[in-house]
Structures are given as structure tokens and as C-alpha cells.
There are 2 protein chains.
Amino acid sequence: VTGSVLVVGTGLIGTSIGLALQGERRVALTDIDDASLQTAVDRGAGEQWDGGPADVAVVAVPPGRTAAVLADLVSRNVAPVLTHVASCQSAVQRDLLALGVSSDTICGGHPLAGRELTGPAAATADLFSGRPWAVCPLPPTSDSARLAVVALATACGAQPVEMSPGAHDRAVALTSHLPQMAASAVAAQLLGGDASLAGPGLQDTTRIAASSPDLWVDILSANAAQVAPLVARASEDLRQVAAALEALAENPTAMDAAADVRALLQRGADGRARVPVKRGVLDRDVAIVAVRIPDRPGSLVQVLGTAALADINVEDVRVEHLPGRPTGVVELLVQSGAVAALSAALTAAGLEVLRSG
Amino acid sequence: VTGSVLVVGTGLIGTSIGLALQGERRVALTDIDDASLQTAVDRGAGEQWDGGPADVAVVAVPPGRTAAVLADLVSRNVAPVLTHVASCQSAVQRDLLALGVSSDTICGGHPLAGRELTGPAAATADLFSGRPWAVCPLPPTSDSARLAVVALATACGAQPVEMSPGAHDRAVALTSHLPQMAASAVAAQLLGGDASLAGPGLQDTTRIAASSPDLWVDILSANAAQVAPLVARASEDLRQVAAALEALAENPTAMDAAADVRALLQRGADGRARVPVKRGVLDRDVAIVAVRIPDRPGSLVQVLGTAALADINVEDVRVEHLPGRPTGVVELLVQSGAVAALSAALTAAGLEVLRSG
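Everything numeric here is computed off the predicted structure, so don't read it as measured data.

A. Highlighting the interface of chain B and chain A. At the interface, 123 residues of chain B touch 123 residues of chain A. Three residues stand out in chain B for area buried against chain A, namely Gln189(B), Leu197(B) and Leu265(B), and they jointly supply 7% of the buried area on that side. One can count four salt bridges joining chain B with chain A. Residue Asp204(B) pairs with Arg207(A) through a salt bridge whose shortest N-O separation is 3.0 Å. The interface formed by chain B and chain A holds 17 residue pairs in polar contact (both at pLDDT 80 or more) in total. In terms of residue count, the dominant contributor to the side of chain B that touches chain A is helix H9 (residues 224-250) of chain B (19 residues). A class-by-class count of the residues in the side of chain B that touches chain A yields 66 nonpolar, 26 polar and 31 charged.

B. Representation of the nonpolar core within the structure. Counting residues in each nonpolar core, the largest one holds 66 residues, and the members touching the most others are Val231(A), Leu245(A), Val231(B) and Leu245(B). Breaking this core down by element, the ones donating at least two residues are helix H6 (165-189), helix H8 (213-222), helix H9 (224-250) and helix H10 (255-272) of chain A together with helix H6 (165-189), helix H8 (213-222), H9 and helix H10 (255-272) of chain B. Here Val231(B) is in contact with Leu238(A), Val241(A), Ala242(A), Leu245(A), Leu178(B) and Met181(B), once residues within four sequence places are set aside. Core analysis: the next-biggest nonpolar cluster, separate from the first, contains 41 residues, Ala307(A), Val289(B), Val339(B) and Leu351(B) among them.

C. Structural view of the sheet that holds strand S3 (residues 47-48) of chain A. Residues and elements named next belong to chain A. Read from one edge of the open sheet, five strands run S3-S2-S1-S4-S5, paired in parallel fashion. Each end of this open sheet is capped by a strand with a single partner; those strands are S3 and strand S5 (81-84). With four bridges connecting them, strand S1 (residues 4-8) and strand S4 (residues 56-59) associate as parallel partners. Within S4, the residue paired with valine 5 across the bridge is valine 56. Lying on the sheet, helix H2 (residues 34-42) is in contact with strand S2 (26-30) and S3; it crosses S2 at an angle near 160°.

D. Seen up close, helix H2 (residues 34-42) of chain B. Residue and element names in this part refer to chain B. Within the sequence span of H2, burial applies to Ser36, Leu37 and Ala40. Around the axis of H2, the buried residues are gathered within 100° of arc, so they sit on the same side. Exposed side chains of H2 directed beyond 90 degrees from the buried face belong to Asp34, Ala35 and Asp42. The inward-facing, buried residues of H2 abut helix H1 (12-21), strand S2 (26-30) and strand S3 (47-48). Near the N-terminus of H2, the side chain that reaches the backbone nitrogen of alanine 35, with its oxygen 3.1 Å away, is that of aspartate 33. Phi turns positive, to about 90°, at glycine 44, one or two residues after H2.

About the criteria used
Residues numbered from 1 in each chain as written. Chains lettered and ligands numbered in written order. Predicted model: local features only at pLDDT ≥ 70, side-chain atom pairs only at ≥ 80, totals over all residues. Heavy atoms only, no water. Contact = heavy atoms within 4.5 Å. Buried area = accessible area lost by both parts, 1.4 Å probe. Salt bridge = Lys/Arg side-chain N within 4 Å of Asp/Glu carboxyl O. Polar contact = N/O pair within 3.5 Å; in protein donor to acceptor, adjacent residues only side chain to side chain. Helix = DSSP H or I, 4+ residues; strand = E, 2+ residues; numbered from the N terminus. Nonpolar A, V, L, I, M, F, W, Y, C, P; charged D, E, K, R; others polar. Core = buried A, V, L, I, M, F, W, Y, C linked by side-chain atoms within 4.5 Å. Buried < 20%, exposed > 50% of the residue type's maximum accessible area, 1.4 Å probe, protein only. Pairing = 2+ DSSP bridges. Axes fitted to C-alpha atoms, helices over the stretch in contact; angles between N-to-C directions. Arc of directions from axis to C-beta.

Right under this line is the structure:
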């Protein structure tokens, strides 16, 4: 145990940081909400802060309050290194400037974890394990502050990824904020129509549209400068395809129009190939084995039990819940090299393999 | 066994129709591809057609050839009722008109099944079981032809849904074709950026973008008249949000702009609430129980085995594959009434329940 960490804000992220650092650092905790603080202490995330100094202070409060808390800690000389966990780095940077705070002790940070869970009760020691943790130095940030935040992320089990605040905000705009708006735009059209023929494609594409509008308007507003051009570009791509489809509706043999539609489909397929299934694992590294299952308790367990007995790690599972089907199709995502062995094991177990590879 | 059915085209759909009708109808099969026909016969989907008459003829050939095959069968007086399985009803209607064919014996149809599988080897008797089967009469279609197609769909185990060709084409444009274009538009933006911070939201939203551009350009072209206005509307929604986000980037306190962003998020959440998880089952009828699992063979099986032992039917499973996490979170979708029992069973089995309800 070397060094001490002060965690300000004992929500999901702050409490998980405390839990992850047990055995690595001494952790002091504080929160404006006494019940939340007590829960975090009871869960073993650290001790209640006595107001003394720490080696690193982590501000894990809502994004809109982050800069003010950082400014207060700086003015009180609480720690020689300060970081935070806000999902928009430039907004914190801007707020600090507005408060007149410029310090080489502050280095931004953002652990990519905890998407849907909230509160200290949901915190776990391995929340950051193997996940990216963006480390985003500001212009005045000292090397020692930056390296201390890298060390903190590593101590939490995360993979630190150094990038500028702007690069971070562009990356989350692309991988999180644009998909949210697109899902909302698709789902919004359902209000005027008939969703009775819905299938798995619609379910996947619109799943995140169920997220809280209040939460998302805050997230999107904070990162508006980065999200706006991406949404505009997606809108323009769709506008061009709509025009091409209109031309095809008039003249089904319009080759240029068909080429325009195909071009976006191809760019989409190429872009999708860059989405990691797991860190460093792309679609092309994994393959799908599809199995037919009856829709009753225990069906999935038979399929997955067969995989487990064959010592094959299932990376992902999708139940093709064709709405209303009394039977379903389960898709198992496995490393490409495991497809043949899994298909053989499933067939030997009397299961019907529909596709593999 | 009452009545006889001729199936023209022994691909996945045609062969599955033959298999589904065994014991219900006498089935004759034909295909221009001898090997495909032989596979279908070998699988027990029916006997090779001797050229004789049938009570119902089902044309299950590629959409572009559907009208020509129907016209040929009508001219040869093969059956008093003819139907097809094309995914765009208006295109077949238009092609029939172009061929000068207008007959009260033809009634369109489209079983919603078989999304990703192809060929007679993948056919199964229960492919249509409980799934919607659109029955789409044309203006001249007789009541007896329409009712015969409803009876055929029912005999195959499907749920017949009567709708006009236009209503059908609008419905699939909304639930299948628009989501495809939106997924492509999101994934296309990844080509210019950094996908290293990708999470489950991006994976879900772009999954169908991996589909074949060649296949989809045909599907979209056939239904272009219905897809074009939907894509245009989604594009316009995104354009307005992009403008609002631009205003928020300039002035973070612009209330009107924030209201515009929130409005699309709210419409999206409302629209998403109309997507059936299963036939007649909406998001609000089911609840999620989230459990932490280690990423090793057998982890999922323990979770699902616990559910099966407790006699709880898991409607859907999602592995929250936070990329690179050595552990993951599995989300079990169950009927709302089963949440408490499942959480108790999982906890009793020593598993960590993160959320329920």
C-alpha cells in the first residue's frame, strides 16, 4: 500500500474506485450525501475523510459540478494531483477556465464503465478491469500529474489511454452520442406507423432509444460541439440515400441511384468491421454458431452447458427472439477457431445447428 | 390430409412450407435447380411435381422472378389459388400489371421468417410457427383465394395478418428497411474516426450494418417508394437535432435548443416502447435482472441453469460484453412477475445480482 487517494463523490464510479484500490492505496471517501457515504464505507471502499491531505484526489461528482469541486480542492491545497471522471473533458476544461482555475496539478480522466448502473450499492472492485480509462491532460498539466493518473487507472485494473480532451470528446461523440441520436430517430418514426412486423433488427437498433431523455439531454449538451457535426454528417448521408431511393421509386433501373444506396451500405459494412466485439477482437475474429432451441426453461442452459463441457468460451449470446415464435434460434459468438468443435459438440448433444462460421 | 399444395422454389422458405405442411396437405415440389429440389425431397418436404393440378400454388422464388412465375402458372391453369412470399408486395403487383396479368386467383403473402438463413438444408417445419404471415389481397383477389392463403398460413403454424400490399410495404419499410439504413449511416461515420472507446450501445446499433450490401440494395430498391420518405424523415429529425446541438455548442444555456434535443429523445423513447419484445409483449411487460459473471467457460451456464432450476423462462439474454472486461454482466430478460424469484435463486446460488426490475 503506497500513497493515499481521496475520492469525492461515492456514487457507482467513486465507490468502485475505492473498492478497486483496496490493498493498493489508502482510500478516504467523502460525499455531500451522508447515506451514500455510509454505504460506500460499509462496503469497504475506504474510510470517511478526515479533511487531511492525500496524494491524489479523484472528483467523481456529476459533470456539471466537477469543475467547482476541483477548484475548491485546489484552493485548499488538498492534494498535489487532482483528476475527475466526467464523460465530457472539454466541458470541465471550459468550466475551470470560467472559474479562473489553471493548475498543473489537474489532469482529466474518464473510465469507460458503468453505463447503466448507479449508486454505491452497485459498485464493484472489478468495474474497470480491462476497460479503457481515458487520461486527458490539459495544457498546464505536469508530467507528474499525468503519470499519477495513469498509475491510478492501472491500479484500478483499467487500461489507460492517453488522449487530448478534444480527441476524447470526439471519440465518445462517435461511439456513444451519435448512436444514441440515430436510435432515437429510428424509434421516433415508429410513432406514426405499424410496428407489428418488428423483428430482431429493429430491437437491436432501437434498444438504447429507451434511455432517459433527461439524462441524455445533459450528456449531449455537454459535448454538443463534437456531436453536432457527426449527427449532421449522418443526416446528410441519409438525405442523399432518401433522394436516391426516391429516384429508384420513379425508375427502378436508375443505376446511379442504386450505386448511391449501395455506397452507403458498403461504407456501413466497412465501418461496422471496425467495431471491437471485445478489446482487440473484431467481427472477423469471431464466428457465429446458430442453434435452434425450444422456448422453455432450460433450453439455453442445454446449449451453453454443451459449450462449457467442450471447454469453449462463448463470447456473446444472442437469442433470436423472433416475436411470438414458440421456438427460437440462439446465436453463440465464439473465436473462429472454436466453430468446428462447438458445432460437433452441439450436434452430438442432439441439438440442431442451423449455421456455423 | 385435405387438399394439395404445389411449392415452386425449394429454397429456405419453400422447403420449410413443405415441411410445415406434412400431415396437413399433400405437397408437390419443383425448382429450376435439380440439386435444391432433390435436397428438399430428401428432407421430406414433399414429392417431385408431376406437372398435375394442385389446390394452391405457392411461388417461393426470388422476388424479381415472382410475377413471371405466377403469370406462367396462371396461363397453364395449374391451380385455382396462387400466392407468393416476396418481401415487397407492391413490386410483385406492379410486375403482374406490366405482364398484363390480372386474376382473382392470386393473393400476395409474406411470411416474416428466415431472416439470415438460406437454402433447403436450413429449412425446418417450425420456421413459421407463431410468426406473422402477411396476407395481402390485390384488388381483383377473390374472397376464396384470400381465405385459402389465410388457411395455408395457419396450416404452416403462422399467424396470418391481413393487410393491403401498401400497408405491408410501409410496415416492413418502418421495421426493417429504415433501421438498416440508419445502422449503415452510423457505422459509416466510424471510417473517419476512433472506435477504440466503443461499448455495447455502438455494437447493438450497428450490428445489422454488417449485412450484405448487394442483398440490401435489391431489397431497398424493390421497396424504394415506401423507404424513401421514412429515411427522409429520419434525416430531417437528425438535421434539426444537429442544428440544435450546434446552437448549444455556441450557447450552452440555449433553452429552445435543449428542448429540441430532448423532444427527439422523448419521441424515440416513446417509439421504442412500441417495439414488441415478443409477439404482444412490450418492454414494460418484461424486466431485466443483471448478474455479474466471470468470463470463462461455464459462467453463463451457471446463471441460466439457476433460472432453469427455478422454472423461470428467460425471454432473452444479453451479455454486456464491455470490451476487454475479464468479467461481464449478463442481463436476463424475464416476465416482470418472475423478477423476485429469479433474483432470490441467483443470490442463493452465490451469484452477484447487480440490478433487478
